[in-house]
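Coordinates in review
In case you want the letters, here they are:
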Amino acid sequence: MLKRTTAALLLLLHLLPFELLTRIWATRHFYACSQIAGRPLFDRSSGPAVSVVSLSIHVLAVVLAWCVARAIAAPAEFAQLLQIIPPVMLITMIPVSIAGWGLREASMGLAFGYAGLDASEGVAVSLLFGAVYFLVGAIGGLVWILSAEKAAKGDAAIEVPE
């Protein structure tokens, strides 16, 4: 919750009418990051697309959890997982573990228990969910490392358009 609240505040920081933010050394960098991050989100042409892609990522996470639940024959329905997965993913953003491991399993087991499902199935779904995320991330990382674009740019610095 704290991470998302902080991210939302940083994203909306450039909308504040305080010129003081640009003059103070400590907030100048956050203000500039907020401007850069807010451009695609608040742009009329790309904003709706960014919002749709963002929401679809969360829906796909629920679909992935539903597929994992089906694979282990857990009696969780899609509607139940639609209510369980987003809060669990929010809880895993708390920076107390590596990639949310442990925290996700505990919160998923608790959420499954509150939903009237077996908590051990929630932990199993969570472990498989994390494993699938790890595998997809590893494959994506390999594709990026081996890509021709990465090889062509090498260690060149990333340019930020003004």
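The preceding data block contains the structure.
Bear in mind that the values here come from a model prediction, so they are computed numbers and not experimental data. (Residues numbered from 1 in each chain as written. Predicted model: local features only at pLDDT ≥ 70, side-chain atom pairs only at ≥ 80, totals over all residues. Heavy atoms only, no water.)

Overview of the overall build of the protein chain
Across its full length, the protein chain carries eight helices and zero strands. Each helix and strand of the protein chain, placed in order from N terminus to C terminus, yields the pattern α-α-α-α-α-α-α-α. Once local pairs closer than 6 in sequence are excluded, the contacts in the protein chain between residues at least 24 apart make up 45%. Taken as a whole, the protein chain presents about 11200 Å² of accessible surface, with 73% of it coming from carbon and sulfur. (Helix = DSSP H or I, 4+ residues; strand = E, 2+ residues; numbered from the N terminus. Contact = heavy atoms within 4.5 Å. Areas by Shrake-Rupley, 256 points an atom, 1.4 Å probe, with all protein chains shown as cover.)

Here's the deal with unusual backbone geometry
For Ala73, which is not a glycine, the phi torsion comes out positive at approximately 60°. Structurally, Ala73 is set in the loop between helix H4 (47-71) and helix H5 (78-91). Located in the positive-phi region is Ala99, a residue other than glycine, with phi close to 60°. Along the chain, Ala99 falls in the loop between H5 and helix H6 (103-114). In this structure Ala99 comes out as exposed when scored by relative accessible area, which is 58%. (Buried < 20%, exposed > 50% of the residue type's maximum accessible area, 1.4 Å probe, protein only.)

Considering the packing of H4 against H5
Pairs of packed helices are described in terms of their axes, by the angle between the two and the distance that separates them. Following both chains from N to C, one finds H4 and H5 inclined at 125°, their axes separated by 9 Å at the closest point. As summarised for this structure, H4 and H5 are arranged oblique, according to the angle between their axes. At the point where H4 passes H5, the crossing takes the right-handed sense. Of the residues in H5, those in contact with Ala61, Val62, Val63, Ala65, Trp66 and Ala69 of H4 are Phe78, Leu81, Leu82, Ile85 and Pro86. (Axes fitted to C-alpha atoms, helices over the stretch in contact; angles between N-to-C directions. Parallel < 35°, antiparallel > 145°, perpendicular 65-115°, else oblique. Left-handed = near helix turned anticlockwise from the far one by under 90°.)

Concerning the nonpolar core
Grouped together as the largest cluster of nonpolar side chains are 18 residues, with contacts concentrated most on Ala69, Ala76, Leu81, Ile84, Ile85, Met108 and Phe112. When contributions to this core are tallied by element, the ones reaching two or more residues are H4, H5, H6 and helix H7 (119-145). If we ignore the near neighbours within four places in the chain, the residues touching Ile84 are Met108, Ala111, Phe112 and Ala115. (Core = buried A, V, L, I, M, F, W, Y, C linked by side-chain atoms within 4.5 Å.)

Side note on the packing of aromatic side chains
For any two aromatic rings, the description comes down to two numbers: the centre-to-centre distance and the angle of the planes. For the structure shown, the criterion picks out two aromatic pairs. Aromatic pair Trp66 and Phe78: ring centres 6.3 Å apart, planes at 80°, arrangement edge-to-face. Placement of Trp66 in helix H4 and of Phe78 in helix H5 is noted, with a sequence separation of 12 residues between them. Of the residues examined, Trp66 reaches a relative accessible area of 31% and is grouped as partly exposed. Seen in terms of ring centroids, Phe129 and Tyr133 are 4.8 Å apart; in terms of plane orientation they differ by 45°. Their pairing is tilted. Placement of the pair is Phe129 and Tyr133 together in helix H7, with a separation of four residues, close to one helical turn. On the accessibility criterion, Tyr133 (38% relative accessible area) is partly exposed. (Phe/Tyr/Trp six-rings, centres within 6.5 Å; stacked < 30°, edge-to-face > 60°.)

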